[in-house]
Amino acid sequence: MGEGKGSSLVHLLLIILCLVAFGFAIAAERRRSTGTIRTDDRTNSTYCVYDSDVATGYGVGAFLFLLSAQSLLMAVTKCMCFGSPLATGGNRAWTIIYFTSSWLSFVVAEACLVAGAKKNAYHTKYKSMTESFSCDTLRKGVFVAGAVFVVATMILNVYYYMSFTKATNQPAHKTNRSSSTLGMAAYA
């Protein structure tokens, strides 16, 4: 890690993991399960028949890849809390802003992916003919929202890592003061 750019391997792994998570989220959106109403003539009840549940697996896959990308970055940067202190200045401020923003974006992305996978896995079983009946399916756009936040998380994580490495490689500013700055010189 020289010149405040960070490790190219970390950048590459971070981008690849996030892009795979993005791909899984898009695939989950395209393969959402749909239900059709069927009637059982023997029992005179209606039920839903769902075509596929593969979107749940894609949603969980996207969740796990994004989680591994975030975990990798937090392990490398030691979650910004442990390790050497950040040098004061602009890079430190941007590091804190990117750190907070990436975590917020990560939480929203993971919430969308988990909620989409859970709702996609939920299937209505049997209801009688007298009730109003429709097959529960996942609304369009839940996995797309997760995918958008996956990309936002990736971008924020890359900027966080770049500003973090700049802030850790900067020398700390030390001032050379010959006298006390507390205004206590008269009592010395």
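In the annotation of an unreviewed UniProt entry, the protein chain is listed under the name Fiber protein Fb34 and assigned to Tagetes erecta. Taken verbatim from the UniProt record of the protein chain, the Sequence similarities (unreviewed entry) comment is "Belongs to the DESIGUAL family." A UniProt comment under Subcellular location (unreviewed entry) is attached to the protein chain, and it reads "Endomembrane system".

A. Structural context of the overall build of the protein chain. Helix and strand counts for the protein chain come out as four helices and three strands. Listing the helices and strands of the protein chain from first to last along the sequence gives α-β-β-α-α-β-α. The buried share of the protein chain, taken over its 188 residues, is 35%. Across the protein chain, every contact between residues at least 6 apart in sequence was considered, and the portion connecting residues at least 24 apart equals 82%.

B. Highlighting the packing of aromatic side chains. Under the criterion given, the structure shown has seven aromatic pairs. Counting every residue linked through ring pairs, the aromatic cluster contains Phe24, Tyr58 and Phe65.

C. Expanded view of the UniProt feature "transmembrane region" (unreviewed entry) in the protein chain. When the UniProt feature table is mapped to this numbering, "transmembrane region" (unreviewed entry) covers residues 6–28, 55–76, 96–117 and 138–162. For residues 6–28, helix accounts for 91% and strand for 0%, while the C-alpha atoms at its two ends are 33 Å apart.

D. Structural detail: the pairing of strand E2 (residues 45–50). Alignment of strand E1 (residues 35–40) against E2, held across six bridges, turns out to be antiparallel. Across the sheet, residue Asp40 finds its bridge partner in E2, namely Ser45. In textbook terms, the turn of a hairpin is the stretch between consecutive antiparallel strands, and for E1 and E2 this stretch comprises four residues, one of which, Asn44, has a positive phi near 55 degrees.

E. Examining the side chain of Thr165 more closely. Its place among the elements puts Thr165 in helix H4 (residues 142–169). Note on Thr165: relative accessible area 0%, which makes it buried.

F. Structural detail: a nonpolar patch on the surface. The grouping of Leu12, Ile16, Val20 and Phe65 at the surface amounts to a nonpolar patch, some 310 Å² of accessible area in total. Take the nonpolar patch: its biggest share by element is three residues, from helix H1 (residues 8–30). Mapped onto the elements, Val20 comes out in helix H1. On the accessibility criterion, Val20 (30% relative accessible area) is partly exposed.

G. Focus on the packing of helix H3 (residues 90–121) against H4. Direction vectors running N to C along H3 and H4 enclose 155 degrees, while the axes themselves pass 7 Å from each other. Here H3 lies roughly antiparallel to H4, going by the angle between them. H3 and H4 meet at a crossing whose hand is left-handed. For the contact of H3 with H4, the class distribution of residues is 20 nonpolar, ten polar and two charged.

H. Quick look at the nonpolar core. Counting residues in hydrophobic clusters, the biggest one holds 29 residues, and the most contacted among them are Leu66, Leu73, Leu113, Val150 and Tyr160. Within the residue set of this core, elements represented by two or more residues are H1, helix H2 (54–76), H3 and H4. If you tally residues by element for this core, the top one is H4, at ten residues. The residues touching Leu73, leaving out its near neighbours within four places in the chain, are Leu14, Asn157, Tyr160 and Tyr161.

I. Spatial organisation of the side chain of Ser102. Tracing the backbone through its elements, the reader meets Ser102 in helix H3. Here Ser102 falls in the buried class, since its relative accessible area comes to 0%. There is a polar contact of 3.0 Å between the side chain of Ser102 and the backbone oxygen of Phe99. In contact with Ser102, not counting residues within four places along its chain, are Gln70, Thr153, Leu156 and Asn157.

Cut-offs applied
Residues numbered from 1 in each chain as written. Predicted model: local features only at pLDDT ≥ 70, side-chain atom pairs only at ≥ 80, totals over all residues. Heavy atoms only, no water. UniProt positions renumbered as here; feature names shortened; annotations may be inferred. Helix = DSSP H or I, 4+ residues; strand = E, 2+ residues; numbered from the N terminus. Buried < 20%, exposed > 50% of the residue type's maximum accessible area, 1.4 Å probe, protein only. Contact = heavy atoms within 4.5 Å. Phe/Tyr/Trp six-rings, centres within 6.5 Å; stacked < 30°, edge-to-face > 60°. Pairing = 2+ DSSP bridges. Patch = residues over 30% accessible without salt bridge, like charges linked within 9 Å, V, L, I, M, F, W, Y side chains within 5 Å. Areas by Shrake-Rupley, 256 points an atom, 1.4 Å probe, with all protein chains shown as cover. Salt bridge = Lys/Arg side-chain N within 4 Å of Asp/Glu carboxyl O. Axes fitted to C-alpha atoms, helices over the stretch in contact; angles between N-to-C directions. Parallel < 35°, antiparallel > 145°, perpendicular 65-115°, else oblique. Left-handed = near helix turned anticlockwise from the far one by under 90°. Nonpolar A, V, L, I, M, F, W, Y, C, P; charged D, E, K, R; others polar. Core = buried A, V, L, I, M, F, W, Y, C linked by side-chain atoms within 4.5 Å. Polar contact = N/O pair within 3.5 Å; in protein donor to acceptor, adjacent residues only side chain to side chain.

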